[in-house]
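This is what each chain is made of:
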Amino acid sequence: MTTADEYDVVVVGGGSTGENVADRTAAAGLRTVVVEGGLVGGECSYYACMPSKALLRPGTAAAHARAVAGVSVGAGLDAAAVLARRDSFADHWKDEDQVAWLDGVGIDLVRGHGRLIGERTVQVDGGRVLTARHAVALCTGSLPALPDLPGLAEARPWTSREATSAQQVPPRLAVVGGGVVAVEMAAAWRSLGSEVVLLARGPLLGRMEPFAGELVADGLSAAGVKIRQAEVTGVHRDGEVRIDLADGSTVVADEVLFATGRRPNTAELGLESVGLTPGSWPEVDDGCTVTGVPGGWLYAAGDLNHRALLTHQGKYQARIAGAAIAARARGERIDGGRWGAHSATADTAGAPQVVFTEPEAASVGLSLAAAEEAGLRVRAVDHDLGAVAGAKLYADGYTGRARIVVDLDREVLVGATFVGPGVAELLHAATVAVVGEVPVARLWHAVPSYPTVSEVWLRLLEAWRDGE
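As the structure is a computational prediction, the values presented were derived from the model and not from experiment.

S.K.: So what exactly am I meant to see when it comes to the overall build of the chain here?
M.R.: Helix and strand content of the chain: 15 helices and 21 strands. What you see for the chain is a C-alpha radius of gyration of 23 Å, in line with the 23 Å of a compact globule of 468 residues. Expressed as lengths along the three principal axes of its C-alpha atoms, the size of the chain is roughly 70 × 65 × 40 Å. Relative to its full complement of 468 residues, the chain shows a buried share of 50%. Put simply, of all contacts in the chain between residues at least 6 apart along the chain, 63% involve residues at least 24 apart. Looking at the chain as shown, the accessible area adds up to about 20300 Å², and 51% of this sits on carbon and sulfur atoms. Where the 41 positive side-chain charges of the chain centre and where its 57 negative ones centre are 1 Å apart.

This is the structure:
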């Protein structure tokens, strides 16, 4: 027997995106419920951002300490202590604190798998029915995408989940992929003592500036990661894992991680009940309203809409969507113009990203190639980060590079990339410059403190002025 409950807003998915949608709508006075079948807090809290960075940070800290003369650091990390610290950042895979937060801000939680069964209607585990007066927000994220390879399922490969939650250090780890998860997990497990081989079909970090992948590859190689340009054709496990390559060779490991992309978590979401295709990425407008469903009541935010698969962008979309839902509920005008209150413009114009390897790679906005592909008339300006006084103080032998991409017609930044130790903390200034469309002429008056690594901004502007 089913029961029906009516809310103003029903949020399907209790990860960081869903939590933020619910927070915004509840704060606007709308009665809101979150439906979640797993851990409240989602991938970021338990299997992605937090545990992965907890794994990476000790190795980075040790590398930075070793790079300063006069500092004595032991030869290796205490793997057990690192894993224990990681466990604490993942809250030991328990969600009591996040559930308590929902309760504290007046958001109901329904445990179970939610799926659409019609307009403004969600059914939980085939029983309880929740209806929404104003909106349903789908925030179920994405799942690892595994290739169709002989023997792969039987080989029990790691995905990002196993790579961030494993309780033992594998003696030998093979990583298949060349993106962010691949390079970060290769770095993390190598720092903990694994012999790591990274199998990539093409350049690393292919969506960033080419020098980013090159410098990260240099850093991984220096740490002892073996990088091979290779195509995997099959995987077999018989105690150990054997990975067959297109060139006829074989790689042997104790575990294999496939970091080969993501797929939408929509196969069991009931999209067919509202005229959409199960297993697809729902198309949305800049306000995260699903465009293929009439009435403006269905939203998709976070990884699910495939606009920008980054936790912070999912939270950003959630704030935009939550504000739009509240405005529509009050009968207010939607501000959906570029950089409007109800438009997630930054997804395409100013999304920042950090790759937490050693060196770090940080970027915002468009790469040079992406800007040119978009039809912009641009010029890239580069500078050697290691030549900046603050970088020399930060680490002996500091190696890095910085680039800004300038729109020649408007004379504003449309992109920036930094690669080097600790460059993540440079990124927000670049994000403000790109999103704020600050004229290059005004940036001359933003004076960087001396001697900091941020002085690279002055050097980049000088190179811009001198036409280098």
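Okay, back to it.
S.K.: Explain unusual backbone geometry here, please?
M.R.: In terms of backbone geometry, most residues other than glycine have negative phi values and most peptide bonds are trans. E358 connects to P359 through a cis peptide bond whose omega is 10 degrees. By the secondary structure assignment, P359 is in the loop between β17 (352–355) and β18 (360–365). The peptide bond linking Y450 to P451 adopts the cis configuration, its omega dihedral lying at -5 degrees. Here P451 shows up in the loop between α14 (440–443) and α15 (456–465). The phi torsion at C288 lies on the positive side, around 70 degrees, for a residue other than glycine. Secondary-structure assignment places C288 in the loop between β15 (262–264) and β16 (298–300). Overall, C288 belongs to the buried group, its relative accessible area being 0%.

S.K.: Is there a simple way to explain the pairing of strand β13 (residues 250–253) in this structure?
M.R.: Consecutive side chains of a regular strand alternate in pointing toward one face of the sheet and then the other. By the alternation rule, side chains of β13 split into V251 and A253, which are all buried, and T250 and V252, of which none is buried. Where strand β12 (residues 240–245) and β13 come together, 4 bridges link them in antiparallel fashion. Paired with I243 across the bridge in β13 is V251.

Rules used in this analysis
- Residues numbered from 1 in each chain as written.
- Predicted model: local features only at pLDDT ≥ 70, side-chain atom pairs only at ≥ 80, totals over all residues.
- Heavy atoms only, no water.
- Helix = DSSP H or I, 4+ residues; strand = E, 2+ residues; numbered from the N terminus.
- Rg over C-alpha atoms; globule rule 2.2 N^0.38 Å.
- Buried < 20%, exposed > 50% of the residue type's maximum accessible area, 1.4 Å probe, protein only.
- Contact = heavy atoms within 4.5 Å.
- Areas by Shrake-Rupley, 256 points an atom, 1.4 Å probe, with all protein chains shown as cover.
- Lys, Arg positive; Asp, Glu negative; His and termini not counted.
- Charge placed at Lys NZ, Arg CZ, Asp CG, Glu CD.
- Pairing = 2+ DSSP bridges.

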